[in-house]
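Structure at a glance
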Amino acid sequence: MPSSRLVPSRSTAVRLAALLACSVFTWAHADGGDETPGVVSSVKLPSQAKGQPPSWAGKAFRQGVVAVANPYGAEAGAKVLEQGGNAIDAAVAIAYALNVVEPQSAGIGGGGFMMIHLAGTGETFTIDSRETAPAGATREMFLRTPVTDPPVAIPTPSQQGVAVGVPGMVRGTALAIEKHGRLSLAQVLQPAIQLAGEGFAATPRFVTSPNCANPAQSRALNSPLVADYFCPGGKAIPEGTLVKNAALADTLRLIATHGADCFYKFMPEKGCDIAQGIVEGQTFKRSAAGSKGGSMTLADLEGYQAAVREPIEGTYRGYKIKSMAPPSSGALTIIQILKQLERFPIGDVSAGYGFGSAKTLNVMAESMRLAFADRADWMADADPGFAKVPTKGLINDTYLSGRSAAIVPGVRMTPDPLPGDPRVFETAGLQPAKALALAPPVTGPDNGTTHFSVVDKWGNVVSYTNTIESGYGIGVFAGYTRPDGTFRNHGFLLNNELTDFNVIPSKNRVTQEIGYNDVQPGKRPRSSMAPTMLFTPDGKPFLAYGSPGGATIINSVVNITVNLIDHKMGLQEAIDAGRISVASANVTPTGSVQLESRLPAASIAAMGALGYRLTGGDIGSVQAVLIDQKTGKQYGGADNRREGTVIGLPRSQGR
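Fair warning: this is a prediction, and the values are worked out from it, not measured in the lab.

A complete count under the given rule lists 13 aromatic pairs for this structure. Each ring, one from Y264 and one from Y304, has its centre 6.0 Å from the other, and the planes form 10°; the classification is stacked. Highlighted residues: Y264 in helix α9 (residues 261–264) and Y304 in the loop between α11 (298–302) and β6 (307–309), separated in sequence by 40 residues. Note on accessibility: Y264 and Y304 belong to one class, buried.

Given below as structure tokens:
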């Protein structure tokens, strides 16, 4: 039955923002003194890293807020804000600091998407620093040689050099600082250089993530140098140990001194040899037969450019949403899921659609399945020469109304939904084509990711998702062998981002063209990263948020949006609440619906009774900042699924 919910007026939207703000739970340091995380000689672990935020939560701030999945990253951003930097400066400082303290998730060996809102001009745009395929990449590069029929992928493609894309983070962050920062790149790099050179106290996630006790399942043990750093002697580093990375500190100093060109160009006369280390590092091959190194050259690195893009914009129950455009599938899939849900009275407990109810979970799962069916075929890099992504058609109201009609409450859709034909709503007069029931494209994992959000005292806002793809990337440090036989280690992990392409070449099931997300030279692999902002009707941002988690990123953002708008939760409550994720049209026998144990047990059982194959585990790690545009107060929310930390400024005057 259609919802009777009305589109909110401007005053209603402002009241919602105020309501969210009033129920936010924030944690920060009480005195900015001994408990401040950062470089410490006493190896004293900050309380946030132990999952014990101070009890005096719920304060509002006016001078800026950072929300980060790691306490040291949060401290780096807060320090830069205190030094006069803006949200862009702070975000870049956080990104580099996380390369030191959360290297399994992100760093200069990878890339990401930064969404920026400038308070002075009202502009909202994104900087795309997604990795690209090198000039030598081919659709068949992940296949066994000679190519078999049917084609079979090489062993563990995501752990070999063939998976390494041309890194983009350094170009992207340098562009952001040059165009929109108040400080220099060298200044915002200082917290990361200090953390790498002087050390930090190892947090629980840092020491448990490598899985040192299980080498067969540990990407951190893929190469000897990386294994020795994360699991010295084959054992986990004790929590609280002072961890240093002198090689990374040297690399960051080179970038601080000579700029981004020192990363992308081989300039030995300046000591800029990082590019040589990337190129040699991506030739890594595992010992198994059929292993492959990458084809990246110095020319690929020198030619890399970050791109400035307009976000994709949509609405949900009258609230404006902006998120990441292709090559990300984030915005398109999020908007599809939400618009397909809009006809249901989500949040109406009397109708059975309360938070975590079986009805709510059922229609959310079905909407995710429909959207992910479209994602598999239609979403990819839309730059000229690559896929003709129907960005307008995919989020057209009429198209999504038709897709939503397939959702029947209390029913699991069978057979699995196929992609629709959104081109009809992109180009007038085009006749819809019938989708063929071919196997959907296969993509690799995407779990080595982090997200953070920042607002400054001027009202500039950043939502930034950064990644090296899988945890620890290919498990190899950039570096090269010198003529004397010694090894020059650059101290950062190389991404395995190219396995976000279709590993097995595919066809679009509607057009029969080559798969939109098949590998092509210079192309950016499809991403799920979705830095997102919600806006008041007059165009002012009141929430910046996002998440890591591969394809579940999309669903984490959907969960938070529904929790805030439909279930009327406060920000921290919305982040803490249990989540649902479906990242494939197929939910049985090989696909699944992921339900967190935080959801009601009776609802989980009811979903199983509908025939869904269910899995558990944590979904994502959302970090968010909220701005009450009426009062100017700023709030933060962070996720305890990781080591989420919020620091608000001024530290001693939150109210």
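A few words now on the confidence of the model for the chain. Parts of the model with low pLDDT should not have their predicted coordinates read in detail. This prediction gives the chain a mean pLDDT of 89; 89% of its residues lie at or above 70. Every residue in residues 1–43 is under pLDDT 50, and counting partners more than four places away or in other chains gives 113 contacts. In this model, residues 51–57 is a region of pLDDT below 50 whose contacts with residues beyond four sequence positions or in other chains number 11 contacts.

In spatial order, the strands read β15-β16-β17; together these three strands make up an open sheet with mixed pairing. Each of the sheet's edge strands pairs with one partner strand only, and the pair in question is β15 (580–581) and β17 (614–615).

Under the definition given, this model contains two disulfides. A disulfide bridge connects C212 with C231, and the sulfur atoms are separated by 1.9 Å. The chirality of the disulfide connecting C212 with C231 is left-handed, given an S-S dihedral of about -80°. With a gap of 19 residues between them, C212 in the loop between α6 (204–208) and α7 (224–230) and C231 in the loop between α7 and β5 (242–243) connect regions that are remote in the sequence. Pair check on accessibility: C212 and C231 agree, each one buried.

Quick look at the layout of surface pockets now. Here the second largest pocket is characterised by a volume of approximately 230 Å³. Lining of the second largest pocket is provided by 15 residues; of these, A119, W458, G459, K540 and Q629 occupy positions nearest its centre. Per-class residue counts for the lining of the second largest pocket are five nonpolar, seven polar and three charged.

For the rest of this paragraph, the subject is the packing of helix α5 (residues 185–198) against helix α8 (residues 246–258). It is the contact of α5 with α8, at a shortest axis distance of 8 Å, that shows an interaxial angle of 170°. Comparing their axes, α8 and α5 come out roughly antiparallel. Here L185, A186, L189, A192, I193, A196 and G197 of α5 lie close against α8, whose contacting residues are A246, L248, A249, L252, R253, I255 and A256. Looking at the contact of α5 with α8, its residues break down into 12 nonpolar, one polar and one charged.

Next up on the list: empty space enclosed by the protein. Using the criterion set out here, one finds four cavities of 30 Å³ or more in the structure. Taken as a whole, the second largest cavity spans an internal volume of roughly 50 Å³. Contributing to the lining of the second largest cavity are F355, G356, T360, L361, M364, N559, V562, N563, H567, G578, I580 and L599. Of all the secondary structure elements, the ones that give two or more residues to the lining of the second largest cavity are α13 (358–378) and α16 (552–565). In terms of residue class, the lining of the second largest cavity is made up of six nonpolar, six polar and no charged.

It is worth spelling out the side chain of D381 at this point. For D381, the position within the fold is in the loop between α13 and α14 (391–394). One buried charge, D381, has no salt-bridge partner; the nearest side chain with opposite charge is R524, at 4.8 Å. Among the polar contacts made by the side chain of D381, one reaches the main-chain amide nitrogen of R524 at a distance of 2.8 Å.

Attention shifts here to the pairing of strand β12 (residues 487–493). Burial analysis of β12 places six of its seven residues in the buried class, which makes it a mostly covered element. In terms of strand pairing, strand β11 (residues 477–481) meets β12 through four bridges, oriented antiparallel. Each bridged residue has a counterpart across the sheet, and for G479 the counterpart in β12 is N489. Two successive antiparallel strands, β11 and β12, enclose a turn made up of five residues, where G485 displays a positive phi of approximately 95°.

Cut-offs and rules
- Residues numbered from 1 in each chain as written.
- Predicted model: local features only at pLDDT ≥ 70, side-chain atom pairs only at ≥ 80, totals over all residues.
- Heavy atoms only, no water.
- Phe/Tyr/Trp six-rings, centres within 6.5 Å; stacked < 30°, edge-to-face > 60°.
- Helix = DSSP H or I, 4+ residues; strand = E, 2+ residues; numbered from the N terminus.
- Buried < 20%, exposed > 50% of the residue type's maximum accessible area, 1.4 Å probe, protein only.
- pLDDT = per-residue confidence, 0-100.
- Contact = heavy atoms within 4.5 Å.
- Pairing = 2+ DSSP bridges.
- Disulfide = S-S within 2.5 Å.
- 1 Å grid on protein atoms, 1.4 Å probe; cavity = no way out; pocket = protein on both sides within 12 Å on 5 of 7 lines; lining within 4 Å.
- Points joined across faces, edges and corners; volume = space filled by probe spheres on them.
- Nonpolar A, V, L, I, M, F, W, Y, C, P; charged D, E, K, R; others polar.
- Axes fitted to C-alpha atoms, helices over the stretch in contact; angles between N-to-C directions.
- Parallel < 35°, antiparallel > 145°, perpendicular 65-115°, else oblique.
- Lys, Arg positive; Asp, Glu negative; His and termini not counted.
- Salt bridge = Lys/Arg side-chain N within 4 Å of Asp/Glu carboxyl O.
- Polar contact = N/O pair within 3.5 Å; in protein donor to acceptor, adjacent residues only side chain to side chain.

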